[in-house]
Amino acid sequence: MSVKKPLRSREERTHNVVSIEPYDNTSDAYRPEQPRKPDVSFGFYLSIAIITFVTIFFFSIYELAVETWQRLK
């Protein structure tokens, strides 16, 4: 029979497919997910500005028309 050598530690073995690292990267998957701040883009602020401008514009046209009607009446 062949003489068996004692098994070497994993670091000493050759042809290891998986490298030995002190920190396991897969453990990040088990951490609770951190809440993220909602990202408000420039488009949101632009939309609010346009809606405000259009509202003021149409209100001023309405007031101008009513005032003109009052004078002509």
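The preceding data block contains the structure.
Residues numbered from 1 in each chain as written. Predicted model: local features only at pLDDT ≥ 70, side-chain atom pairs only at ≥ 80, totals over all residues. Heavy atoms only, no water.

Caption draft 1: Local environment of the packing of aromatic side chains. Evaluated as defined, the whole model comprises three aromatic pairs. Pairing Phe53 with Phe57 gives two aromatic rings, centres 6.1 Å apart and planes at 20°, and the pair type is stacked. Within this pair, Phe53 and its partner Phe57 are both found in helix 1 (residues 42-72), separated by four residues, close to a single helical turn. Given the relative accessible area of 41%, Phe57 is considered partly exposed. Aromatic side chains Phe57 and Phe58 sit 5.7 Å apart centroid to centroid with 65° between the ring planes, which places their arrangement in the edge-to-face category. Aromatic rings pair up to connect Phe53, Phe57 and Phe58 into one cluster. (Phe/Tyr/Trp six-rings, centres within 6.5 Å; stacked < 30°, edge-to-face > 60°. Helix = DSSP H or I, 4+ residues; strand = E, 2+ residues; numbered from the N terminus. Buried < 20%, exposed > 50% of the residue type's maximum accessible area, 1.4 Å probe, protein only.)

Caption draft 2: Representation of a nonpolar patch on the surface. Judged by side-chain polarity, Phe42, Leu46, Ile50, Phe53, Val54, Phe57, Phe58 and Ile61 come together as a nonpolar surface patch covering roughly 830 Å² of accessible area. Examined against the element boundaries, Leu46 turns out to sit in helix 1. (Patch = residues over 30% accessible without salt bridge, like charges linked within 9 Å, V, L, I, M, F, W, Y side chains within 5 Å. Areas by Shrake-Rupley, 256 points an atom, 1.4 Å probe, with all protein chains shown as cover. Salt bridge = Lys/Arg side-chain N within 4 Å of Asp/Glu carboxyl O.)

Caption draft 3: Looking closely at the pattern of salt bridges. In the structure shown here, the tally under the stated rule is one salt bridge. Glu67 serves as the salt-bridge partner of Arg71, at 3.6 Å between the closest nitrogen and oxygen. Of this pair, Arg71 and Glu67 both sit in helix 1, four residues apart, which is roughly one turn of the helix. Residue Arg71 is classed as exposed on the basis of its relative accessible area of 71%. The partly exposed category is assigned to Glu67, whose relative accessible area is 45%.

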